[in-house]
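Understanding the architecture of this molecule
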Amino acid sequence: MLIGTDGKVLENKSRVVLTTKLTEEKDKSCNDVTLRELDKEESRCALMINAMVSSGIPGKILRIKCSKRIDASTNLTDSIRDSLVKEFATEPIGLGGLFMIQNSKSKTHVMPEFDENPLVNLTKINNWLRFFEMDPPMLFQSILVSADPGLDLRIEHSHGWSLNGKSEGGHYHHDTSPETVEYVAYYAVAQKLWRIDKPKVPYSTNPE
């Protein structure tokens, strides 16, 4: 999203993914996934958002190029965070940018319509979400923070869409072909961290 000095939206290239079915079957065909571009004037978000705000002035960035995922339990963003923690320990380092996945499908999820029953733990959330494997190449907008300084942050968030003409997109989990996958990423380093409307009840990942 490009915003002018007067606060008006000049250009909006954000995508939104919609899915309409809520079923028990784990459908990976992406047949009911709809990807559309938001209207230029649209600036709202639903539930939560991780955002990187930039002046757009050229400057130093991080370029990361890697291939062959060795550890099956991790992904690109977790690996970046682990590297930052090893170097900076508990000092929070925030990054925002883009990464592209090639030579592998991407494991993603998309939210269906909201359930009438409360999603009170991680198990219920994962049973509600729709998971897919989407064809490459895919481009992801990504935000991550190496360490939470006590603000109850969503420590990483990456959403992306297909670059192959298909109506596919969603929340990044990992690639599906560790032996052949290739990543290219460009990240800017954040100068300030803002937490807006912190929930009264901390977010919990307790599966129970």
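Coordinates for the structure precede this section.
Residues numbered from 1 in each chain as written. Predicted model: local features only at pLDDT ≥ 70, side-chain atom pairs only at ≥ 80, totals over all residues. Heavy atoms only, no water.

1. Description of helix 1 (residues 76–88)
Compared with the 18 Å implied by 1.5 Å per residue over 13 residues, the 18 Å span of helix 1 between its first and last C-alpha is a close match. Turning to helix 1, its buried residues number three or more, namely Leu-76, Thr-77, Ile-80, Arg-81 and Leu-84. Down the axis of helix 1, the sector holding all buried residues measures 130 degrees, keeping them to one side. Summarising the contacts, the buried residues of helix 1 are in contact with strand 5 (62–67), strand 6 (94–102), strand 9 (138–145), strand 10 (156–162), strand 11 (169–175) and strand 12 (182–189). With its phi angle positive at about 55 degrees, Ala-89 sits one or two positions after the end of helix 1. (Helix = DSSP H or I, 4+ residues; strand = E, 2+ residues; numbered from the N terminus. Expected span 1.5 Å × (residues − 1). Buried < 20%, exposed > 50% of the residue type's maximum accessible area, 1.4 Å probe, protein only. Arc of directions from axis to C-beta. Contact = heavy atoms within 4.5 Å.)

2. As for the pattern of salt bridges
Per the stated rule, a full pass over the model turns up four salt bridges. Put simply, Glu-179 and Lys-68 hold a salt bridge, and the shortest N to O gap is 3.7 Å. Of this pair, Glu-179 sits in the loop between strand 11 and strand 12 while Lys-68 sits in the loop between strand 5 and helix 1, and the two are 111 residues apart along the sequence. Owing to a relative accessible area of 59%, Glu-179 belongs among the exposed residues under this scheme. (Salt bridge = Lys/Arg side-chain N within 4 Å of Asp/Glu carboxyl O.)

3. Notes on unusual backbone geometry
Most of the time, phi is negative for any residue but glycine, and the peptide bond is trans. For the bond from Pro-136 to Pro-137, the omega torsion is -5 degrees, close enough to zero to count as cis. Mapping Pro-137 onto the fold places it in the loop between strand 8 (130–134) and strand 9. With a phi angle near 55 degrees, Asp-197 is a residue other than glycine that sits in the positive phi range. One can find Asp-197 in the segment after strand 12. Judged by its relative accessible area of 69%, Asp-197 falls in the exposed class.

4. Examining the packing of aromatic side chains
This model, assessed by the stated rule, comprises four aromatic pairs. On the basis of an interplanar angle of 70 degrees and a centroid distance of 5.0 Å, the ring pair of Phe-99 and Tyr-172 is categorised as edge-to-face. Here Tyr-172 lies in strand 11 and Phe-99 lies in strand 6, a separation of 73 residues in the sequence. One exposure class covers both Phe-99 and Tyr-172, and it is buried. Relative to Tyr-172, the ring of Phe-140 has its centre 5.3 Å away and its plane inclined at 65 degrees; by these criteria the two rings are edge-to-face. Of this pair, Phe-140 sits in strand 9 while Tyr-172 sits in strand 11, and the two are 32 residues apart along the sequence. The same class applies to Phe-140 as to Tyr-172, namely buried. Here the aromatic residues Phe-99, Phe-140, Tyr-172 and Tyr-183 are joined through ring pairs into a cluster of three or more. (Phe/Tyr/Trp six-rings, centres within 6.5 Å; stacked < 30°, edge-to-face > 60°.)

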